[in-house]
Amino acid sequence: TYGQVACCCGTAGCALCCACCPRIKQSTSTRIMYALFFILVTIVCGTMMSPTVAELMKDNIPYYKDICDHIQAGSACEKLVGYSAVYKVCFGMAGFFFILMLLTINIKNSRGCRAYIHNGFWFFKFLILIAMCSGAFFIPDQETFSNVWRYVGAFFGFIFLLIQLRLLVQFAHKWNKNWTSAQVHKTFWSAALAFVTLILYSVAVGALALLAYFYTHPEGCLLNKIFLGVNGGLCLLVTLVAFSPCVQKCKLGTSYKPHSGVLQSGIISCYVMYLTFSSLSSKPPETMIDDMGRNVTICVPSFSKDLNQDGRLVSIIGAIILFACILYSCLTSTTRASSDALIGRYSPPETEVARCCFCCASSEEDGVDDRVVKKGGQHVAYDEETTTVYRYWYFHFVFFLGTFYMMMTVTNWFHYNYAEIEKLFIGSWSPFWIKMASCWACILVYLWTLLFPVCRGTRKGYVV
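Residues numbered from 1 in each chain as written. Predicted model: local features only at pLDDT ≥ 70, side-chain atom pairs only at ≥ 80, totals over all residues. Heavy atoms only, no water.

**Here we look at the overall build of the protein chain**
- A count of helices and strands for the protein chain gives 16 helices and 5 strands.
- Taking all 464 residues of the protein chain together, 49% fall into the buried category.
- Of the contacts formed within the protein chain by residues at least 6 apart in sequence, a portion of 78% connects residues at least 24 apart. (Helix = DSSP H or I, 4+ residues; strand = E, 2+ residues; numbered from the N terminus. Buried < 20%, exposed > 50% of the residue type's maximum accessible area, 1.4 Å probe, protein only. Contact = heavy atoms within 4.5 Å.)

Following this line, the structure appears as structure tokens:
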């Protein structure tokens, strides 16, 4: 239809063809389109890291060897698969978002020419993305490029990880603040808050018990026992700090209503347990000699010992959670409210309306004066003609960082030589230490949000 053509080749907002779909905002549709770009490239990178796909291509594509020789990709197309190929594709996508970041600095509304570039011309931007990812394969001295790019990716991937952890803490604070600010049906929301908190702590304690059961052995696994004890103790520590009188008194001294931080501590504890599970699943297994003189694999659950069968479940679950965290970080950390929360500035609870979908804007917050365009398909509301909902340049910067984090994760960080997508979360030391360090970084970030008002004194604008 005309609307889809205008979306791909012009400045019109993206929308579905079906008119029965609910109205969509231009700011939302734009972020969804960039997320689709990111998803597409991630799938391509995952495919490149799969030896199974490489074998299928070799067996089913006619003249496969001749094609590889013609494009100078090696006799087995080794330059088009593996970690080196993922580095090149991510180089192109990182450059794509970096250029868009430079083009969208200091955009105030969606009516300028630079805003049109950000919100439209999707077909041309898709072609540019493909061209940049393909052109990276012609970079000279690719061995030097891979060695340098690996450390660049680790640096920016770590920055993204810190933003992701801070965003998780902000999510926990927002959830707690929204439900404790209820003016109507306050008893119901208080009961819901207590119920969810109980579930979160039950999940965290149950996860710790299961990890101790599956990942420890009476005669070994000392490292696993130490880390499980440390991480469990840290979760208990943040809970006690949230309950401590100095933190509670600091809340009472502000202009905001006091509210407990137990829900936040429950969310953080569950996330720390997930990271602990992911890191222990990434750790190489240990062996011991049993009474029969045989080498027995320990410190891994039975379902992950066979990497070709049940062990893939760990990789699938980890990949889904990882990808969901990346998309959530990229799409939500760029709103103005989230950007302010990253530096500890929150809106007062009096402006909150308690609701289940607290992450989304309520109907009262939707703009009633937005210009709505009806062209036979889904209606598009142009909600940024007065001011932007999010910072365009920061949006692309977060996707820029997310590209590096995805690249390093898919290539198994510094264990890239034998990395395979089927064994992504199993049996490497560098992912183990990175994920374990993420647990401690998450705890430190959360403790900072609890103790910062105490160290600085009562200060309006900082809430725990």
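From this point, the discussion proceeds with the structure in view.
**Observations concerning the environment of M132**
- In this structure, M132 sits in helix 7 (residues 122–135).
- Of the residues examined, M132 reaches a relative accessible area of 24% and is grouped as partly exposed.

**Examining the environment of S134**
- Here S134 lies in helix 7.
- Judged by relative accessible area, which is 36%, S134 ranks as partly exposed.
- In this structure the C-alpha to C-alpha distance between S134 and F91, which are 43 residues apart in sequence, comes to 9.9 Å.

**A short note on the packing of aromatic side chains**
- As enumerated under the stated definition, the model contains 32 aromatic pairs in all.
- For the pair F91 and F145, a centre-to-centre distance of 5.4 Å together with 90° between the ring planes defines the contact as edge-to-face. Taken together, the positions of F91 in helix 5 (residues 82–103) and F145 in helix 8 (residues 142–180) put the pair 54 residues apart, joining distant regions of the chain.
- Grouping aromatic residues by their ring pairs yields a cluster made of F91, F98, F145, W149, F155, F156, W393, Y394, F397, F400 and F404.
- Note that K125 overlies the ring of W122, its terminal NZ or CZ placed 3.7 Å from the centroid. (Phe/Tyr/Trp six-rings, centres within 6.5 Å; stacked < 30°, edge-to-face > 60°. Lys NZ or Arg CZ within 6 Å of the ring centre and 35° of its normal.)

**What about the nonpolar core?**
- Core analysis: the biggest nonpolar cluster contains 91 residues, and Y34, M93, I267, I268 and M407 have the highest contact counts within it.
- The contacts of M407, once residues within four sequence positions are left out, are V86, Y87, C90, W149 and G153. (Core = buried A, V, L, I, M, F, W, Y, C linked by side-chain atoms within 4.5 Å.)

**Looking at the confidence of the model for the protein chain**
- Overall, the predicted model of the protein chain reaches an average pLDDT of 74, with 65% of residues at or above 70.
- For residues 458–464, every residue scores under 50 in pLDDT, and the model assigns this stretch 25 contacts once sequence neighbours within four places are set aside. (pLDDT = per-residue confidence, 0-100.)

**Considering the side chain of T403**
- The topology assignment puts T403 in helix 15 (residues 392–410).
- Setting aside chain neighbours within four positions, we find T403 in contact with F38, C90, M93, A94 and F97.

**Quick look at the packing of helix 8 against helix 12 (residues 262–282)**
- Contact geometry for helix 8 and helix 12: axes closest at 8 Å, N-to-C directions at 145°. With respect to the hand of their crossing, helix 8 and helix 12 are arranged in right-handed fashion. For the pair helix 8 and helix 12, contact is made by Q164, L165, L168, V169, F171, A172, H173, W175 and N176 and by L263, Q264, I267, I268 and Y271, respectively.
- In the contact of helix 8 with helix 12, the residues fall into 10 nonpolar, 4 polar and no charged. (Axes fitted to C-alpha atoms, helices over the stretch in contact; angles between N-to-C directions. Left-handed = near helix turned anticlockwise from the far one by under 90°. Nonpolar A, V, L, I, M, F, W, Y, C, P; charged D, E, K, R; others polar.)

**A few points about a nonpolar patch on the surface**
- Where nonpolar side chains cluster on the molecular surface, the patch consists of M57, I61, Y63 and I67 and spans about 390 Å² of accessible area.
- Tracing the backbone shows I67 in helix 4 (residues 64–70). (Patch = residues over 30% accessible without salt bridge, like charges linked within 9 Å, V, L, I, M, F, W, Y side chains within 5 Å. Areas by Shrake-Rupley, 256 points an atom, 1.4 Å probe, with all protein chains shown as cover. Salt bridge = Lys/Arg side-chain N within 4 Å of Asp/Glu carboxyl O.)

**Some remarks on the packing of helix 5 against helix 7**
- It is the contact of helix 5 with helix 7, at a shortest axis distance of 7 Å, that shows an interaxial angle of 135°. The angle between helix 5 and helix 7 places the two elements in the oblique class. Classified by chirality, the crossing of helix 7 by helix 5 is right-handed. Where helix 5 abuts helix 7, its residues K88, V89, G92, M93, G95, F96 and I99 lie against K125, I128, L129, M132 and C133. (Parallel < 35°, antiparallel > 145°, perpendicular 65-115°, else oblique.)

**Concerning unusual backbone geometry**
- Look at N106: it is not a glycine, yet its phi comes out positive at around 60°.
- For N106, the position within the fold is in the loop between helix 5 and helix 6 (113–119).

**Observations regarding the state of the cysteines**
- Across all of its chains, the model carries 0 disulfides by this definition.
- Considering cysteine sulfurs only, C90 is the nearest to C45, which forms no disulfide, with 3.8 Å between them.
- C45 gets classed as buried once you look at its relative accessible area, which sits at 0%.
- Cysteine C270 remains unbridged, with the sulfur of C235 as its closest cysteine sulfur at 8.6 Å. (Disulfide = S-S within 2.5 Å.)

**Some remarks on the environment of N176**
- Within the secondary structure layout, N176 lies in helix 8.
- Sequence separation between N176 and Q264 is 88 residues, and the spatial gap between their C-alpha atoms is 6.8 Å.

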